[in-house]
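Spelled out from the first residue to the last, the chains are:
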Amino acid sequence: MSYTPTTWTDRNVQYPNRYTDELSNVKTLMPSPGTVTDAGVNVTAARMNNIEQGIVKANAARDIYLYKNIGGSL
């Protein structure tokens, strides 16, 4: 079975921290994380697409292996 990769895109908005409450009041939330002990890695479209391409390449390698060693068609 072949793998169909997802093409990831970043979400871009004018006001990323703006929300509206139940009374339609606009609120802007500000991050307040305290002490950051490990910043971690941002999830971006580029990083997700890199993962997708790794999966595509791994599946292609698997298909070639199966074709050569077990027989069949690609």
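This one's a predicted model, so the numbers in the text were calculated from it and none came from an experiment.

Q: Could you give an account of the overall build of the protein chain, with specific residues and numbers?
A: The helix and strand inventory of the protein chain stands at one helix and two strands. Scanning the protein chain from its N terminus toward the C terminus, one meets helices and strands in the order β-β-α. A compact globule built from 74 residues should have a C-alpha radius of gyration of about 11 Å, whereas the protein chain, at 22 Å, is more than 25% larger. Principal-axis analysis of the C-alpha atoms gives the protein chain an extent of 65 × 35 × 20 Å. In the protein chain, buried positions account for 4% of the 74 residues. Counting contacts in the protein chain only where the partners sit at least 6 residues apart, residues at least 24 apart contribute 49% of the total. For the protein chain, the accessible surface area stands at approximately 6900 Å², while carbon and sulfur atoms represent 54% of it. Each charge sign in the protein chain was given a centre, from 7 positive and 6 negative side chains, and these centres are 7 Å apart.

Rules used in this analysis
Residues numbered from 1 in each chain as written. Predicted model: local features only at pLDDT ≥ 70, side-chain atom pairs only at ≥ 80, totals over all residues. Heavy atoms only, no water. Helix = DSSP H or I, 4+ residues; strand = E, 2+ residues; numbered from the N terminus. Rg over C-alpha atoms; globule rule 2.2 N^0.38 Å. Buried < 20%, exposed > 50% of the residue type's maximum accessible area, 1.4 Å probe, protein only. Contact = heavy atoms within 4.5 Å. Areas by Shrake-Rupley, 256 points an atom, 1.4 Å probe, with all protein chains shown as cover. Lys, Arg positive; Asp, Glu negative; His and termini not counted. Charge placed at Lys NZ, Arg CZ, Asp CG, Glu CD.

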